[in-house]
Structure formats: structure tokens, C-alpha cells
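Working through the structure, step by step
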Amino acid sequence: MRIKLDKEREKLKYVDEKLVAMEKHKDQIDANNTALNRTNMLLIEKMTKTNEQIDKAAAHARIIRIKAQNVGGDIIRYR
């Protein structure tokens, strides 16, 4: 009976060690997820700013194209 009890204690010790290791892994995964979420939020902000800059550049390009067309029309008219 004592041998069986010792085996069960060893199993319990093994399970406890595994549980501690799992908790450490879980904590590490949680920390990694938090860091990734922060990084993702920063990247989303950067992408939003970049999209705004692209939209502004496109608007300026349209204005320049229209002005260039007007100048081209004026040149043809005055020749």
C-alpha cells in the first residue's frame, strides 16, 4: 500500500509541475497577445494616417490636373 501511495504522490507532483508550467505558458501567451494588440493598434493608426495622406495627395493631383488642362486650353486659345 505504501508503494502505491508513493507512486500516487509522484504522479501528483508531476501533475503539479505540469500545471505550473502551463500557467507560465499561459501568462507568456497573454503577455505576447497584449504586445501584439498594442502593435496592431499602432499599425492601424499609421495605416489610417497614410490613407489620409494618400487621399490628400489624390485630391491635390486632381486639382493640378484640372489646372493643367485649363492652362493647356488657354495656350491653344491664345495661339
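See the structure shown above.
Residues numbered from 1 in each chain as written. Predicted model: local features only at pLDDT ≥ 70, side-chain atom pairs only at ≥ 80, totals over all residues. Heavy atoms only, no water.

A closer look at the environment of Asn-33
- Mapped onto the elements, Asn-33 comes out in helix H1 (residues 2-77).
- The partly exposed category is assigned to Asn-33, whose relative accessible area is 38%.
- C-alpha separation for the pair Asn-33 and Asp-55, spaced 22 residues apart in sequence, amounts to 32 Å. (Helix = DSSP H or I, 4+ residues; strand = E, 2+ residues; numbered from the N terminus. Buried < 20%, exposed > 50% of the residue type's maximum accessible area, 1.4 Å probe, protein only.)

Points about the pattern of salt bridges
- Enumeration according to the criterion identifies three salt bridges in this entry.
- The shortest N-O distance in the salt bridge between Asp-6 and Arg-9 comes to 3.8 Å. One end of the pair is Asp-6 and the other is Arg-9, both in helix H1 and three residues apart, which spans about a single turn. (Salt bridge = Lys/Arg side-chain N within 4 Å of Asp/Glu carboxyl O.)

Remarks on the environment of Ala-58
- Mapping Ala-58 onto the fold places it in helix H1.
- Ala-58 sits in the partly exposed class, given a relative accessible area of 32%.
- A sequence separation of 13 residues divides Ala-58 from Glu-45, and the C-alpha atoms of the two residues are 20 Å apart.

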